[in-house]
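# Results of the structural survey
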Amino acid sequence: MAFDSPAALLGAIREGRQTPAQLLGLLNTSEELLRSIGQDVPNILRELHVVHHSLAFAFLLAAMAGNELSEDQERFFVDTSRAFLLSCDASQVQLAPEKFAEICRKFTELMVAKGRARIAIAPLRSAVQRSRPSPNALTPAHPLLLQCCLLGKFYGLAEDHLYPQGTMRAQFKCLDVVDPKTTGLVVKDFFLYCYYGGMTLVGLKRYSEALDFFLRAFAVPATQVSAIVVASYKKYLLVSLLLHGQVCPIPEYTSQVVQRSIGSWCSEYLEVAKAFSTYEVGKLEQALEKHRSVLEADKNFGFAKQLIPSLSKRVIQRLTQTYLTLSLDDLAVKGGVGDAQAVLLEMIEKGEIHAKISQKDKMVAFPEDGDARVRDLSGGIDLAIDLGAEVESLDESLMTNRTFLQHHVTS
């Protein structure tokens, strides 16, 4: 039986005669009433306890979230939702996951629009913990939390909610997608989790992991290409160039509709990739400038500019295979860098090349067997460490070996 008036609804909730499951049934059959009492919702909520009546709170706040709100109503919704997300009863809100998800989305939308994303982080962290049916389940609150962490530049905090608990980061395993009926998850939530997860890892400069997250977004079976998929593929192209120096091919298991049409949505990015593949820094700079407006509109221009020093280093690496010696001036011109010596020193320090710089005549020498020497030296060091550990282990075993000790003591 559905409630026929706000007073009847409030009375039944406050009496508390129904079990949570029974109250859920009554609230579900009263959807039309809930949508029609938008003006009365704040008054009803003020009469309820946020913890004891969490299920009713979820339905009433979700009803507010589905309506256009005045400035005062927005303020009430934000303040009430914040308190609700921080203290609601998990067992009750998990009975209405879709309503809980609506509240989280509206709360995040309003907080982001008001430039208060950082303040939304704590309530959304609480929402994740209270709404997940299992520790590693992906919920609609996850991508919203990642979004606010990104806007606040809390990359480390966002990272804490990317991977399942108890798994090694190197496994690149994403959170579990369980039955949507228990979480309220929709496809868009998964896309955003992958997209914001990839952006988090880009912020942490963990490009290999970022590539994996962006790939998940557009490798999901699909019948059409969404804006999130396109945005993910654009990021995928840039990260591929930065990490591998080329665009990684789309896996064969990707949906045919994505494989056929994704390129047409990213033509400017593909042109940048083509310029990168020429190994001419000037052409890359021209392509970036040509498509600057598109890259800036996508908020990718700053990241795309990182391709210039990346390409310069790759050009220098190729020069080590072509020349035995080269002047710093020639290296600066061919590599498209201003301070060739600084770039070289950085690359040498990171082990990216093997070279010697002569300060006297400003020449750079690239030994032919430089890479082999580095590998041999590194291998020799590793071998020495392993042998040292074996000797130490053997020494400890001999010192506790009674036969060995008796033999040497008596002799």
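Let me sum up the structure you'll find in this document.

### Remarks on the nonpolar core
Core analysis: the largest hydrophobic core is formed by 123 residues, its most contacted members being Phe77, Phe84 and Tyr193. Broken down by element, the residue count for this core peaks at 11 residues, all from helix α5 (residues 54–65). Not counting residues up to four positions away in its chain, the partners in contact with Tyr193 are Leu138, Pro143, Leu146, His161, Leu162, Cys174, Leu175 and Phe213.

### Notes on the environment of Arg14
Along the polypeptide, Arg14 turns up in helix α1 (residues 6–15). Spatially, the C-alpha atoms of Arg14 and His52 are 9.5 Å apart, while their sequence positions differ by 38 residues. Excluding residues within four positions of it along the chain, Arg14 makes contact with Glu47, Leu48 and His53. Within the structure, the side chain of Arg14 is placed 3.3 Å from the side chain of Glu47, a separation counted as a polar contact.

### Comments concerning empty space enclosed by the protein
Counted according to the given criterion, the structure contains one cavity of 30 Å³ or more. Contributing to the lining of the largest cavity are Pro97, Phe100, Ala101, Cys104, Ser131, Pro140, Ala141 and Thr183. Of all the elements, helix α8 (residues 97–113) adds the most residues to the lining of the largest cavity, at four residues. Grouping the amino acids of the lining of the largest cavity by side-chain chemistry returns six nonpolar, two polar and no charged.

### With respect to the packing of α5 against helix α6 (residues 71–87)
Remark: α5 packs on α6, axes separated minimally by 11 Å, with the N-to-C direction vectors making an angle of 150°. The angle between the axes of α5 and α6 places the two elements in the roughly antiparallel class. Handedness of the α5/α6 crossing: left-handed. Only Gln73, Phe76, Phe77, Thr80, Ser81 and Phe84 of α6 make contact with α5, whose side of the interface consists of Ser54, Phe57, Ala58, Leu61, Met64 and Ala65.

### Points about the pattern of salt bridges
Taken as a whole, this structure holds 15 salt bridges when the rule is applied. Residues Glu47 and Arg14 are paired through a salt bridge, measuring 3.3 Å at the closest nitrogen-oxygen approach. Pair noted here: Glu47 is in the loop between α4 (41–46) and α5 and Arg14 is in helix α1, with a separation of 33 residues, a long-range link. Take Glu47: its relative accessible area is 41%, and that puts it in the partly exposed class. Glu71 is the partner of Arg75 in a salt bridge, and the nearest nitrogen-oxygen pair spans 3.5 Å. Residue Arg75 and its partner Glu71 are located together in helix α6, separated by four residues, close to a single helical turn. For Arg75, a relative accessible area of 41% gives the class partly exposed. Since its relative accessible area comes to 58%, Glu71 is described here as exposed.

### Brief notes about unusual backbone geometry
The backbone of Tyr279 sits at a positive phi, close to 60°, despite the residue not being glycine. Structurally, the position occupied by Tyr279 is in the loop between α17 (267–277) and α18 (281–290). Here Tyr279 falls in the partly exposed class, since its relative accessible area comes to 26%. Of note in the backbone geometry, Lys299 takes a positive phi value of approximately 60° without being a glycine. Mapped onto the elements, Lys299 comes out in the loop between α19 (292–297) and α20 (301–305).

Rules of the game
Residues numbered from 1 in each chain as written. Predicted model: local features only at pLDDT ≥ 70, side-chain atom pairs only at ≥ 80, totals over all residues. Heavy atoms only, no water. Core = buried A, V, L, I, M, F, W, Y, C linked by side-chain atoms within 4.5 Å. Buried < 20%, exposed > 50% of the residue type's maximum accessible area, 1.4 Å probe, protein only. Helix = DSSP H or I, 4+ residues; strand = E, 2+ residues; numbered from the N terminus. Contact = heavy atoms within 4.5 Å. Polar contact = N/O pair within 3.5 Å; in protein donor to acceptor, adjacent residues only side chain to side chain. 1 Å grid on protein atoms, 1.4 Å probe; cavity = no way out; pocket = protein on both sides within 12 Å on 5 of 7 lines; lining within 4 Å. Points joined across faces, edges and corners; volume = space filled by probe spheres on them. Nonpolar A, V, L, I, M, F, W, Y, C, P; charged D, E, K, R; others polar. Axes fitted to C-alpha atoms, helices over the stretch in contact; angles between N-to-C directions. Parallel < 35°, antiparallel > 145°, perpendicular 65-115°, else oblique. Left-handed = near helix turned anticlockwise from the far one by under 90°. Salt bridge = Lys/Arg side-chain N within 4 Å of Asp/Glu carboxyl O.

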